[in-house]
Amino acid sequence: LPSNLIAAHRQGVAVPPDVNDALPLTVGSFHILLALAEGERHGYAIAKEVESTTLGRVKLGPTTLYRTIRQLLDDGWIAETTRADDGDARKRLYRLTARGRTIAAAEAQRLADIVRIARERRLIPALA
Amino acid sequence: VNADSSPHLPNRPRGRLARALFSALLAVCPRDMRREYGTAILGDFDDRYAAASERGASHASRFAVYALFDLVGSGLLERFEAFGRDVSYAVRGAARAPVFATVVVLTMAIAIALNATVFATISAIFLQPLPMRDAGSLLVLWETNPHIGMMTEAFTYPDLEALRRETRTLASVGAIMTDPAVLDGAGAPRELNGYFASPDMFGIYKTRVVLGRSLTAADVHDGAPFVIVISNELWHSAFGADPHVVGRFIRISDYRAEIIGVAEPHVVEIDGWRGGLARPDFWGALKPVVWREQGHLLRVVARAKLGVTHAAVDADLARIFTTLAVAHPADDAGLSAHALTARDALVGDERPIFLVIAVAMLAVLIVACANVGNLFLSRASARTGEFAVRFSLGAARGRIVAQLLTEVGLYVSVGGLLGLIFTVYATRAVAMLLPGLTRIDGYGIDPPVLAFTAFVIVVATLLAGLAPANALGRPDLSASLKASGRGADLTRGRKVRATLAIVEIALAVAITTAAGLNVRSLQALTQRTLGYDTTNLWLVHAGAHYMKRYATLAGQLTLYRHVSHELITTPGIAAASWSSITPFNSTPDVPFTIAGRSYGAGTKPDVDFGPVDAAYFSTFRIHTLAGRTFDASDRESSAPTVVVNAAFARRYFGGVPAALGKRITVEITGFGQAIVPRTIVGVVADVRQTYDHNAGPIAYLPLAQQSFGSESLVVRATSPHVDVPAIVRSVVARVDALLPPPTAVPYAELMSADVGRQRTAATLLAVSAAIAFVLALAGIYAVVSFGAVRRTNEFGVRLSLGARPFAIARLVLADAARILAIGLAAGVVLAAGIANMLEPQLFDVPALDVPTFAAVIVTLIVAVALATLVPVVRAVRVDPAVALRYE
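The present account deals with the structure reproduced in this document. A quick note: this is a predicted structure, and the numbers were derived from the prediction, not measured. (Residues numbered from 1 in each chain as written. Chains lettered and ligands numbered in written order. Predicted model: local features only at pLDDT ≥ 70, side-chain atom pairs only at ≥ 80, totals over all residues. Heavy atoms only, no water.)

Turning our eyes to something else, we now look at the overall build of chain B. A count of helices and strands for chain B gives 30 helices and 24 strands. Across the 887 residues of chain B, 53% fall into the buried class. At a minimum sequence separation of 6, the contacts of chain B that also span at least 24 residues come to 79%. Taken as a whole, chain B presents about 38200 Å² of accessible surface, with 62% of it coming from carbon and sulfur. (Helix = DSSP H or I, 4+ residues; strand = E, 2+ residues; numbered from the N terminus. Buried < 20%, exposed > 50% of the residue type's maximum accessible area, 1.4 Å probe, protein only. Contact = heavy atoms within 4.5 Å. Areas by Shrake-Rupley, 256 points an atom, 1.4 Å probe, with all protein chains shown as cover.)

Glancing now at the overall build of chain A. Of the regular secondary structure elements, chain A holds six helices and two strands. Starting at the N terminus and walking to the C terminus, you meet the elements of chain A as α-α-α-α-α-β-β-α. Counting every position in chain A, which comprises 128 residues, the buried fraction comes to 44%. Residue pairs at least 24 apart in sequence account for 52% of intrachain contacts in chain A once pairs closer than 6 positions are excluded.

What follows concerns the nonpolar core. Side chains of a nonpolar character, in soluble globular proteins, are inclined to be buried together. All names here are of chain B. Within the largest apolar cluster, 119 residues are counted, with the highest numbers of intra-cluster contacts made by Met108, Trp283, Ile357, Tyr411, Ile505, Leu838 and Leu860. No other element matches the 16 residues that helix H4 (residues 98–127) contributes to this core. The residues touching Trp283, leaving out its near neighbours within four places in the chain, are Tyr195, Ala197, Phe202, Leu215, Val227, Ile228, Val229, Ile230, Ser231, Ala263, Val267 and Glu269. With 42 residues, the next largest nonpolar core counts Ala18, Phe22, Met33 and Tyr37 among its residues. (Core = buried A, V, L, I, M, F, W, Y, C linked by side-chain atoms within 4.5 Å.)

A separate point is the interface of chain B and chain A. At the junction of the two partners, chain B supplies 24 residues and chain A supplies 20 residues. Together chain B and chain A conceal approximately 2000 Å² of surface at their shared face, both sides included; 51% is due to carbon and sulfur atoms. Connecting chain B to chain A are three salt bridges. The shortest N-O distance in the salt bridge between Arg70(A) and Glu78(B) comes to 2.8 Å. Mapped by element, the contributors of at least two residues to the side of chain B that touches chain A are helix H2 (31–54) and helix H3 (57–96) of chain B. (Buried area = accessible area lost by both parts, 1.4 Å probe. Salt bridge = Lys/Arg side-chain N within 4 Å of Asp/Glu carboxyl O.)

This paragraph deals with the environment of Arg85(B). Residues and elements named next belong to chain B. Here Arg85 shows up in helix H3. Residue class for Arg85 comes out partly exposed when judged on its relative accessible area of 41%. Taking the C-alpha atoms as reference points, Arg85 and Gln403, separated by 318 residues in sequence, lie 8.7 Å from one another.

Turning next to a nonpolar patch on the surface. Residue and element names in this part refer to chain B. Residues Leu106, Ile110, Ile421, Phe422, Val424, Tyr425, Ile445 and Leu450 make up a contiguous nonpolar surface patch of roughly 670 Å² in combined accessible area. Looking at the nonpolar patch, the elements with two or more residues in it are H4 and helix H14 (397–433). Take the nonpolar patch: its biggest share by element is four residues, from H14. Its location among the elements puts Tyr425 in helix H14. (Patch = residues over 30% accessible without salt bridge, like charges linked within 9 Å, V, L, I, M, F, W, Y side chains within 5 Å.)

Of note, Thr64(A) is situated in helix H5 (residues 62–75). Polar contacts involving the side chain of Thr64(A) include one to the side chain of Ser74(B), which spans 2.9 Å. Filtering out sequence-adjacent residues up to four positions away, Thr64(A) remains in contact with Asp70(B) and Ser74(B). (Polar contact = N/O pair within 3.5 Å; in protein donor to acceptor, adjacent residues only side chain to side chain.)

Turning our attention to the packing of helix H19 (residues 553–568) of chain B against helix H23 (residues 724–735) of chain B. Residue and element names in this part refer to chain B. Orientation of H19 relative to H23, taken along the N-to-C sense of each, is 135°, at an axis distance of 10 Å. One element, H19, and the other, H23, form an angle in the oblique class. For the pair H19 and H23, the sense of crossing is right-handed. On the side of H19, the interface is formed by Leu559, His562, Val563, Glu566 and Leu567, while H23 contributes Ile727, Val728, Val731, Arg734 and Val735. Residue composition of the contact of H19 with H23, by class: seven nonpolar, one polar and two charged. (Axes fitted to C-alpha atoms, helices over the stretch in contact; angles between N-to-C directions. Parallel < 35°, antiparallel > 145°, perpendicular 65-115°, else oblique. Left-handed = near helix turned anticlockwise from the far one by under 90°. Nonpolar A, V, L, I, M, F, W, Y, C, P; charged D, E, K, R; others polar.)

Here a ring pair, both rings aromatic, is described through the centre-centre distance and the interplanar angle of the planes. Residue and element names in this part refer to chain B. All told, the structure shown has 26 aromatic pairs over all chains when counted by the stated rule. Between Tyr560 and Trp578 the ring centres are 4.2 Å apart and the planes differ by 15°, which places this aromatic pair in the stacked class. Of this pair, Tyr560 sits in helix H19 while Trp578 is found in strand S15 (residues 573–579), placing the two residues 18 residues apart along the sequence. On the basis of relative accessible area, Trp578 is assigned to the buried category, the value being 2%. (Phe/Tyr/Trp six-rings, centres within 6.5 Å; stacked < 30°, edge-to-face > 60°.)

All names here are of chain B. One pass over the full model with this rule turns up five cavities of 30 Å³ or more. Reported here for the largest cavity is a volume of approximately 70 Å³. Lining the largest cavity, in full, are Ile353, Asn518, Ser521, Leu522, Arg757, Gln758, Ala761 and Gln841. Among the residues making up the lining of the largest cavity, the classes are represented as three nonpolar, four polar and one charged. (1 Å grid on protein atoms, 1.4 Å probe; cavity = no way out; pocket = protein on both sides within 12 Å on 5 of 7 lines; lining within 4 Å. Points joined across faces, edges and corners; volume = space filled by probe spheres on them.)

As a further point, take the side chain of Asn518(B). Mapped onto the fold, Asn518(B) is located in helix H17 (residues 491–526). Those residues in contact with Asn518(B) that sit more than four places away from it in its chain are Ile353(B), Ala761(B), Ala762(B), Leu765(B), Leu838(B) and Leu842(B).

Residues and elements named next belong to chain B. The alternating pattern of strand S11 (residues 282–285) places Phe282 and Gly284 on one face and Trp283 and Ala285 on the opposite face, and all of these are buried. Of the strand pairs in this sheet, strand S4 (residues 190–197) and S11 are connected by four bridges, and their pairing is parallel. The residue bridging Phe196 from the neighbouring strand is Gly284, located in S11. Bridge analysis of strand S6 (residues 227–230) against S11 gives three bridges, and the strand direction is antiparallel. Bridge pairing in S11 places Ile228 opposite Gly284. (Pairing = 2+ DSSP bridges.)

Side chains that differ in charge, positive against negative, can pair when their charged atoms come close. Counting across every chain of the model gives 26 salt bridges over all chains. For the salt bridge of Arg628(B) with Asp634(B), the shortest nitrogen-to-oxygen distance reads 2.9 Å. Shared partners join several salt bridges into a network, and the residues in it are Arg67(A), Arg70(A), Glu36(B) and Glu78(B).

Moving on: H23(B). Residue and element names in this part refer to chain B. Relative to the 16 Å expected for twelve residues at 1.5 Å per residue, H23 spans 16 Å between its end C-alpha atoms, a close match to the ideal helical length. Residues Val724, Pro725, Ile727, Val728, Val731 and Val732 constitute the buried set of H23. One face of H23 carries all of its buried residues, which in axial projection span an arc of 165°. (Expected span 1.5 Å × (residues − 1). Arc of directions from axis to C-beta.)

Residue and element names in this part refer to chain A. Two elements in contact, helix H3 (residues 27–37) and H5, have axes whose closest approach is 10 Å; the angle formed by their N-to-C orientations is 75°. Taken as axis vectors, H3 and H5 run roughly perpendicular relative to one another. The residues of H5 that touch H3, namely those facing Gly28, Ser29, Ile32 and Leu33, are Leu65, Thr68, Ile69 and Leu72. Taken together, the residues of the contact of H3 with H5 break down into five nonpolar, three polar and no charged.

No statement about biological role is implied by the geometric values presented.
Written as structure tokens, this is what we have:
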């Protein structure tokens, strides 16, 4: 079984089979989902949050930011909470959808599984 | 994007510059992304630039550069990904509908293969440079005699000299005379393609000599030794590329010739006799002493001076000949001359027919594209619901059109690749049909053909994709959504489909008519009465060297008699005859006069003529109409006689019996025999020398009194299974072991080659027509069938209300009838136009040939009726209960 399904089984979480198809996520997508896991945010707020939580290692340029937001909207993993009829997309707020949360969790679990293996092989120190 | 809308507008010059650049580069992103997020991205840029500026100018600059790269990178990625998504969508679509995909790909493959093949052929004949240096300024000159409609007469030597002396526009003028010759003393005797040329010919063709020297003016003097330049190929094949070959003596047709040079490889020149392209094996000097007294035998090739126009050359030639006519009224009155470019001289005649073929190929491409467009429309109509949903979700029209074009483009490209594979085989087939391609080598798929195919793929994608894209671009959203996909159609799409079907029908009618006319013309041509029997008849090329080996007339006649005798006593051979006038081969003509009549300058009539032996008329089975044909009583010493044909007797004496006993003088010079008046002793039936030759006047001379020393042998076998070449070879070897083995060609082959051009045209057109016809049928079937399926409910209602099946059938057929009527009308008009273009190429068939037009129209109507049978039956059999269940 794929690792994320094993993980889902272990955690008792139902993972729809096609979540597999979405993984792995691009770095940008995953960080945007992570940023929105805390709550609703504007585009610029997302970019700042990602930059600060990764200590500047992950940067989302203006175009990459909105391009990724657009894809996540298309996929239905995030949604707009306010319909911005004034035309300024910067004022739109985005939130995680249930599906987006599942995907982000699956990706996180996938990475956690890899990290666990790395620890077992003593590539990085074991947790206390 | 309004630059003033941002509250954080950078106000320093550098910031403004960065922002302007960023704003401009937003164009890299696809339009829908720009429209949705352009303001957001630009605003985000402003916010972050302002934040960076607060930390210092270097931070701001670094951010600006980073943001610009991010913009360009993401924008391109977005575009590329959109394309990639469209391609993968199209591939998945093809996998879901394999039959649809196969039909579309095959249709395009066939149409593209046809286009590539025709383009390769046209390119080889008309576009590729001729295989000679600076072929563009190479001219072929002809004497003309407008009074008798003669436009391509060879030059006499005196005319050539006058031309050289007087010309103001030609840099150099040279003459060639092609002469088959035999090489002895280098292995077995072999036939060579000998060129007797003015020394300037090397300069005119810019042919280089890789060893020794080329011909010079000194080599043409009367007493100069016989020297030759050999071709590179002969140097390799006969002399093993011997570096000391220059200075060697060899025997050519029993003359001792010294090799003075070796030409560069791959020299191709205009053939001095038939006028095609040929590879000479050797060049000898054209000596005035030999040619001065001959008639119109020299083919003249020239180079114009730099910067002189073609018109100026023609004017110059006209001026020279006007002067000549004044100086030599007896020989040159009425004569003129004109120049053709080498290309026109070689393939000028082929242009009209290839123009028609090119038009046909384009028409097939259009029909194929219309059909593919139609198929996509039909399928897309079934997806109206899907498109409407996507529109309502805000998908840009451009995105859907791009996706559709990507899909069509993918199919067309795959079809194109497959088409190129077909082309490999098709060009091979054409090469077999059309042996006289101008380019001797390298006909097939080459870079120009690939470039053309790529161009065709783009054009075909647009042609096939734009109609459905346009029809789908603006669907009626609410109607489509309400109808939930089933039964919904785009009125506009329906109209487009009907129009496409009409175009297909019209083009199919036009091409099929053109093909029909060509096929009928070819049939008529090959069914013409020739006046002789060619069953089991063979032509044997014995070679021109006999005259040189058997120098006297008596010697030649003895050889001929021996060979004939040996042949007819061999089982399997019914008859054999020697002559210099063999149909489908060559027919010389000369001026002649009738005793008791006077002729003004340049008004002597020309007549086809040739020496023939006593067995000639019985071998060819030509009927004698009056008097006798030749027999043993016609000897060198007996009274000069001549046999003419009925056309001759009618034209010059008013009837067959009237010609008997009259005396004519045929003016043959240069063969050492006296020009004497001859008595007409017989009149024979008319013959055609070739299919397209009219049965004109012919004078037959007795071989015993007049020989060219280069007669051909004609042999009739008793059955098609007789191995004539082997028999002839063994007989000739038995009679004279030193003669090179002759080659025998069946008449069927000569006759077939004679109509090779017409057959190629008819075949290419017929193939195009068949494809166009089938595609057009498929097109009209698709429209009618789709229309009928769409109206299933309506038919169900009608049937349940008591409508008779016939009425339903009429409803379905009305669609087909409308398309057919308009398509036919347009097609017939188009066909008439093309037929007029074709007229000069047609034999015994008028351009507006009623049977051809009628056959095409009737066939099409019947075929359309059959094609619509399935949808009609389906409509009539609609079960009202089932049809209405959906309501």
